[in-house]
Amino acid sequence: MRIMQAAIGFANSVLIARMIGAEGVGLFSSTMAILALLVIPMELGTSRLAAREVARSIALDSPGRAQMFAAWARTAIVRAGIVVLAVCTAVLLLLPEAPDQMNLASIAIAVAPVSALAMLSAGILRGLKMAILGQCYEVSRNIVFFAGLFVILALDLGRSVET
């Protein structure tokens, strides 16, 4: 599964580079870096904790405990996401305007909570002894994110070329 994920990532990088050029690749890389930085404080390590706690709940024959943990973790991610989004929005408002970077930073800020929740779901699946399904979930999440970001970049760069 990891080999497949690496192959898809490589193919995606080649397609992005050929279709949107050097400027687009730079903007895309910046967006991915921003997203990676934002997801860390939002996710709070809950995906690994989820795998452990869900597996423990199964071992103790206590499915209610796993459900309570999942609800707590989702709430914690949403709360952390609100704080991170507020801080990022304040920072964006204070920075000098650069339209391309602002648009892509806004996209990363909007996608980060969804990505953090997806990582939690993958951790829960690993805890349920569905590791392959959890990895498929992660790969499909990445594919959907890359496709969406690619479409937005292509539309945004197309608009800049026309003007």
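Draft legend 1. Representation of the overall build of the protein chain. Scanning the protein chain from terminus to terminus reveals five helices and zero strands. Ordered by position from N to C terminus, the α and β elements of the protein chain give α-α-α-α-α. Counting across all 163 residues of the protein chain, residues that qualify as buried make up 36%. Long-range pairs, those at least 24 residues apart, make up 77% of the contacts in the protein chain between residues at least 6 apart in sequence. Accessible area for the protein chain stands at about 9700 Å²; split by element, carbon and sulfur atoms hold 71% of it.

Draft legend 2. A look at the nonpolar core. In terms of nonpolar packing, the biggest core is built from 21 residues, with Leu 38, Ala 112, Leu 120 and Ile 124 touching the most fellow members. Counting residues per element, the ones that place at least two in this core are helix 1 (2-43), helix 2 (46-59), helix 3 (63-94) and helix 4 (99-127). The biggest single contributor to this core is helix 3, with eight residues. Every residue in contact with Leu 38, bar those within four places of it in the chain, is listed here: Val 84, Cys 88, Ala 108, Ile 109 and Ala 112.

Draft legend 3. Highlighting the packing of aromatic side chains. Per the counting criterion, the structure on display carries one aromatic pair. Pairing Phe 69 with Trp 72 gives two aromatic rings, centres 5.7 Å apart and planes at 40°, and the pair type is tilted. Taken as a pair, Phe 69 and Trp 72 lie in helix 3 at a separation of three residues, close to a single helical turn. Look at Trp 72 and you get partly exposed, because its relative accessible area is 48%.

Draft legend 4. Focus on the environment of Ala 122. In this fold, Ala 122 is placed in helix 4. For the pair Ala 122 and Gln 135, spaced 13 residues apart in sequence, the C-alpha to C-alpha distance is 6.9 Å.

Draft legend 5. Quick look at the confidence of the model for the protein chain. When pLDDT is averaged along the protein chain, the result is 78, and 78% of the positions lie at 70 or above. When mean pLDDT is taken per element in the protein chain, helix 2 scores highest with 90 and helix 5 (residues 131-162) scores lowest with 66.

Draft legend 6. Inspection of the pattern of salt bridges at higher detail. In this structure the tally under the stated criterion is three salt bridges. The residue Glu 53 makes a salt bridge to Arg 56 at a minimum N-O spacing of 3.3 Å. Highlighted residues: Glu 53 and Arg 56, both in helix 2, separated by three residues, approximately one helical turn. Judged by relative accessible area, Glu 53 falls into the buried class, the value being 11%. Given the relative accessible area of 36%, Arg 56 is considered partly exposed. Here Glu 53 and Arg 65 are joined by a salt bridge, their closest N and O atoms 3.2 Å apart. Here Arg 65 lies in helix 3 and Glu 53 lies in helix 2, a separation of 12 residues in the sequence. Bridged by salt links that share partners, the residues Arg 52, Glu 53, Arg 56 and Arg 65 form one connected network.

What counts, and at which threshold
Residues numbered from 1 in each chain as written. Predicted model: local features only at pLDDT ≥ 70, side-chain atom pairs only at ≥ 80, totals over all residues. Heavy atoms only, no water. Helix = DSSP H or I, 4+ residues; strand = E, 2+ residues; numbered from the N terminus. Buried < 20%, exposed > 50% of the residue type's maximum accessible area, 1.4 Å probe, protein only. Contact = heavy atoms within 4.5 Å. Areas by Shrake-Rupley, 256 points an atom, 1.4 Å probe, with all protein chains shown as cover. Core = buried A, V, L, I, M, F, W, Y, C linked by side-chain atoms within 4.5 Å. Phe/Tyr/Trp six-rings, centres within 6.5 Å; stacked < 30°, edge-to-face > 60°. pLDDT = per-residue confidence, 0-100. Salt bridge = Lys/Arg side-chain N within 4 Å of Asp/Glu carboxyl O.

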